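Coordinates in review
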Amino acid sequence: MLPEYDIIVVGAGHAGCEAAAAAANMGSKVLLVTMNMNTIAHMSCNPAMGGIAKGQIIREIDALGGYSGIVTDKSMIQFRMLNRSKGPAMWSPRAQSDRMRFAEEWRLTLEAIENLDFWQEMVSGLIVEKGKLVGVKTSIGLEIKAKAVVLTNGTFLNGLIHIGEKQFGGGRSGERAATGITEQLIQLGFESGRMKTGTPPRVDGRSLNFDRMEEQEGDELPGKFSYLDSTRPLTTQRSCYITYTNSEVHDILQTGFEKSPMFTGRIQGLGPRYCPSIEDKINRFAERERHQIFVEPEGWNTVEIYVNGFSTSLPENVQYKALTKIPGFEKVKMFRPGYAIEYDFFPPTQLNLTLETKQIENLYFAGQINGTTGYEEAGCQGLMAGINAHLKINNKEPLVLKRSEAYIGVLIDDLINKGTDEPYRMFTSRAEFRLLLRQDNADLRLTEISHKLGLAKDDRLNQTLAKKEQTQDLIDHLNKFLIKPNDTKDLLASINSAPIKDKSSLATILQRPEISITDLCVFSGEIEKVIKSYSAEIIEQAEIQIKYQTYIEREKSNSEKMNSLENLKIKPEFDYNQLPSLSAEAKEKLLKIRPETLGQASRISGVSPSDVSVLMVYLGR
């Protein structure tokens, strides 16, 4: 009934959508299989995209030709650039999205891709022949053949929902769990585990008193995620609000602890450390008198509100009673209670850096199946899995991004070499080269790679090359333009900056932290004319590159040293047992993960610098 496909993508969440789109746009015939066509790209939890480090990932997805940034731009209701008070390595874009528009925009985007077909049904098994994946089986008995399969099952693999003492199977509220795949993969030799995540209650915005909360408006001059000109920044925005819990709220929540699956042991999976439930917060941080609650609208026109910071699996009556004691929530009406969900995942050390499994050829995992949490982390894995599945079945070199090239490279490298026993979330602190991996330069880092793959079109490449050229042009102007000490005296004195003693370039003056590029306009009409002839994006890019030049060069030097280890290849069949000087732990980890390079070996948890030295000496021979 269904034809044979090049690639089948199982699951239509953020990972599945990016995987299917990338593979289809590169020329593969793709089938996207989902249990419900009406929940494609559904935002299961928070209706927001981006945030600290996550915003950088969305911009990287966009630069590589993915769609998360474009879809977010078209459906956002608020935009904020976080961490503006810090250095540019920490600036992180975040958007509040219209949940319904976001899903609709993704579906329409996917339907416009010529090589992409859809099928609504549950995949209950995989077809494996001689260690190679050749298709999938569905719940009604169909067998669909393919050259490669990408599993992006999210929280659906044997999903179990908890609300107080109640528990029932489901991959999401109102949707059934997926069964069969975990059991088969275990039979095939895979190791699996359980993880837990949660979501807060949704409430009726008409029942809230926003006057008792702090308003949180979007940026005065909002930005956007996609580098393409086809999307536009918002001209109007919806506000979010902030309120707080209190001791009365905490006391009520504690009355439900004896029925909480968190504390009775019914939940076995580990939850996300950096996004704990409200009961976990008041238990772990008992000394705190209050916790912040973000009151976030779900869209432009809906009255539904997401109560960010109040994730819980307590009984619904306890949830409701506690909510009524939060300022502004006194007359709250609840649409649906919060809940916790447990699901199966597969430790990602069982994958290659391409996200292909080691046990089964042409089988790829992406998203929460790998132990990550978050739309952005899922989306970028889906993109990379889709790209690499296409490259593999066409006998082309894989795409593996280095830690110095992208946050995506950091994420995948962390997962494969260190694994995770709790939901993995990206932070700027995980990236040792974060000054190189800024949100403003993802296009400069990745667009040429994407163009070679056939994802980024010529217009995107030309736009990036123009940005690079214009930025360098402005930097050259500021380096050549010299100014005398007397001409800078008044400006420097007005901002308590030390006077210059010799004639200096404007670029040298701009390196001072208290000077901005627009301050330079006061020196002459000619300088002002030159600076203002460039777009705001070019001006910002030039200022960052000049101000942080020394630090950027240092990070580049350090990354080059690290990358030199990547050139020392290790054969897949290498016998680590022949090296008696290696520690027992190093041998165990190296035999399990089978690193492809010495650089990868050096980042495996349990492999010490002395172990790396032993390997380096041996490989050097």
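So, a few notes on the structure that sits alongside this text. This structure is a prediction, so every number in the text was calculated from the model and none was measured.

With respect to the secondary-structure elements, E129 resides in strand β7 (residues 123–129). Apart from residues lying up to four places away in sequence, E129 is in contact with V134 and K145.

On to the side chain of R403. Positionally, R403 belongs in the loop between α10 (375–393) and α11 (407–418). Judged by relative accessible area, which is 5%, R403 ranks as buried. For R403, the side chain forms a polar contact with the main-chain oxygen of R430, separated by 3.3 Å. Among the polar contacts listed, one links the side chain of R403 to the side chain of E432, at a separation of 2.9 Å. Not counting residues up to four positions away in its chain, the partners in contact with R403 are G409, V410, D413, D414, R430, E432, F433, L437, M562 and R603.

A few words now on the packing of helix α1 (residues 14–25) against helix α4 (residues 99–111). Interhelical geometry of α1 versus α4 gives an angle of 20° and a closest axis separation of 11 Å. Between α1 and α4, the angle falls in the class roughly parallel. The hand of the α1/α4 crossing is left-handed. Together, H14, C17, E18 and A21 of α1 and F102, W106 and L110 of α4 make up the contact between the two elements. Classifying every residue of the contact of α1 with α4 by side-chain character gives five nonpolar, one polar and one charged.

Quick look at the pairing of strand β15 (residues 240–244) now. Most of β15 sits inside the fold, with five of its five residues counted as buried. One ladder, built from three bridges, connects strand β14 (residues 214–216) with β15; its direction is antiparallel. Within β15, the position partnered with E214 by the bridge is I242.

The rules behind these values
Residues numbered from 1 in each chain as written. Predicted model: local features only at pLDDT ≥ 70, side-chain atom pairs only at ≥ 80, totals over all residues. Heavy atoms only, no water. Helix = DSSP H or I, 4+ residues; strand = E, 2+ residues; numbered from the N terminus. Contact = heavy atoms within 4.5 Å. Buried < 20%, exposed > 50% of the residue type's maximum accessible area, 1.4 Å probe, protein only. Polar contact = N/O pair within 3.5 Å; in protein donor to acceptor, adjacent residues only side chain to side chain. Axes fitted to C-alpha atoms, helices over the stretch in contact; angles between N-to-C directions. Parallel < 35°, antiparallel > 145°, perpendicular 65-115°, else oblique. Left-handed = near helix turned anticlockwise from the far one by under 90°. Nonpolar A, V, L, I, M, F, W, Y, C, P; charged D, E, K, R; others polar. Pairing = 2+ DSSP bridges.

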